[in-house]
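# Summary of the model geometry
The lines below spell out each chain.
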Amino acid sequence: MELLKQRIQEVGVVVSDKVLKLDAILNHQVDPVLTMEMGREFARLFRETKPDKVLTVESSGIPIAFTTALHLEIPMIFARRKKTLTMDQDTFSERVPSFTKGIVTDIMVSSHLLHKGERVLLIDDFIANGDAARGLIRIIEKAEAELVGVGIAVEKSFQSGGSSIRERGIRVESLARIASLENGQITFD
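Residues numbered from 1 in each chain as written. Predicted model: local features only at pLDDT ≥ 70, side-chain atom pairs only at ≥ 80, totals over all residues. Heavy atoms only, no water.

## Re the overall build of the chain
Per the secondary structure count, the chain includes six helices and 10 strands. On the principal axes, the C-alpha backbone points of the chain span a range of 45 × 35 × 35 Å. Out of the 189 residues in the chain, the part that is buried amounts to 49%. Taking contacts inside the chain between residues at least 6 apart in sequence as the whole, the part at least 24 apart equals 63%. The chain carries 25 positive and 27 negative side-chain charges, and their two centres are separated by 2 Å. (Helix = DSSP H or I, 4+ residues; strand = E, 2+ residues; numbered from the N terminus. Buried < 20%, exposed > 50% of the residue type's maximum accessible area, 1.4 Å probe, protein only. Contact = heavy atoms within 4.5 Å. Lys, Arg positive; Asp, Glu negative; His and termini not counted. Charge placed at Lys NZ, Arg CZ, Asp CG, Glu CD.)

## Points about the sheet that holds strand S3 (residues 53-57)
The strands making up a sheet associate through hydrogen bonds between their backbones, and the pairing can be parallel or antiparallel. The six strands are arranged S4-S3-S7-S8-S9-S10 in an open sheet whose pairing can be described as mixed. Single-partner strands in this sheet number two, and they are strand S4 (76-79) and strand S10 (187-188). As paired strands, strand S7 (residues 119-127) and strand S8 (residues 146-156) are joined by eight bridges and run parallel to one another. Counted as the bridge partner of isoleucine 127 is glutamate 155 from S8. Helix-sheet contacts for helix H3 (residues 32-46) involve S7, S8 and strand S9 (172-180), and the interaxial angle to S8 is about 140°. Those strands touched by helix H4 (residues 62-72) are S3, S4, S7 and S8, and its axis lies near 175° from that of S3. (Pairing = 2+ DSSP bridges. Axes fitted to C-alpha atoms, helices over the stretch in contact; angles between N-to-C directions.)

## Details of the side chain of threonine 49
Mapped onto the elements, threonine 49 comes out in the loop between H3 and S3. Threonine 49 gets classed as buried once you look at its relative accessible area, which sits at 10%. Other than its neighbours up to four places away in sequence, threonine 49 contacts Arg119, Val148 and Arg171.

## Topic: the pairing of strand S6 (residues 104-110)
A large share of S6 lies buried, amounting to five of its seven residues. By the bridge criterion, seven bridges tie strand S5 (residues 91-97) to S6 in an arrangement that is antiparallel. Bridging across to S6, arginine 95 finds its partner in aspartate 106.

## Quick word on the pattern of salt bridges
Taken as a whole, this structure holds 18 salt bridges when the rule is applied. Among the ionic pairs, glutamate 155 bridges to arginine 166, the shortest N-O distance being 2.8 Å. Taken together, the residues glutamate 155 in strand S8 and arginine 166 in helix H6 (residues 161-166) connect sequence positions 11 residues apart. On the basis of relative accessible area, glutamate 155 is assigned to the buried category, the value being 2%. Taken together, the shared-partner salt bridges in this structure form one network comprising Glu155, Arg166, Arg177 and Asp189. (Salt bridge = Lys/Arg side-chain N within 4 Å of Asp/Glu carboxyl O.)

## What about the UniProt feature "binding site: xanthine" (unreviewed entry) in the chain?
Summarizing the sequence annotation, UniProt attributes the feature "binding site: xanthine" (unreviewed entry) to Leu20, Asn27 and Lys156 in the numbering used throughout. With respect to the helices and strands, leucine 20 occurs in strand S2 (residues 20-21). For leucine 20, a relative accessible area of 7% puts it in the buried group. Structurally, asparagine 27 is set in helix H2 (residues 23-27). Residues contacting asparagine 27, with those up to four places away along its chain left out, are Leu22, Ser60, Asp125 and Phe126. A polar atom in the side chain of asparagine 27 sits 3.2 Å from the side chain of serine 60. (UniProt positions renumbered as here; feature names shortened; annotations may be inferred. Polar contact = N/O pair within 3.5 Å; in protein donor to acceptor, adjacent residues only side chain to side chain.)

## Digging into H3
The end-to-end C-alpha distance of H3 is 21 Å, a good match for the 21 Å that 15 residues give at a rise of 1.5 Å each. Residues of H3 that are buried include every one of Leu34, Thr35, Met38, Gly39, Phe42, Ala43, Leu45 and Phe46, and no others. Tucked into the core, H3 has its buried residues touching helix H1 (2-11), H2, H4, S7, S8 and S9. At the N-terminal end of H3, a side-chain oxygen is found 3.2 Å from the backbone nitrogen of valine 33, two or three residues along, and the residue is aspartate 31. (Expected span 1.5 Å × (residues − 1).)

Here it is in structure tokens:
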């Protein structure tokens, strides 16, 4: 998606050969026009899979997942990282490491929101090692729902996350694929 690549070039900050900071458009401040376009594109790419729900993990995936769900006219669920007082006791949960945070967290979805046989589209902002995506996939499997595809805004293709999911026969669509962050330069596939 050319608009996303353009915005990454404009505002992306290469922190290291493995870390790209996109706080100005995805991870701290949200660019609503860009986010709507990403949601429109994911809806176009996955409409024929006939998803019943969009699933993401809090927090940076929420705006993109929301706009995707809006364009598909279906509900969106986000996996929580912390259990709240109002959250159901019965949840599907997984422990996942966070690449950027450097910690392991639990992600959970209330079991009354994700049902057996539902067709689920997974949407997230970044994929690096793929731990969050694999955790969400395990939650979908625990619910006995059906994963129809994975949409990622920014894939770091020099890391194994996207390819490890594709190797399982799962369709992964990335709007921007970054081949390298070496020498402080953003290089796209």
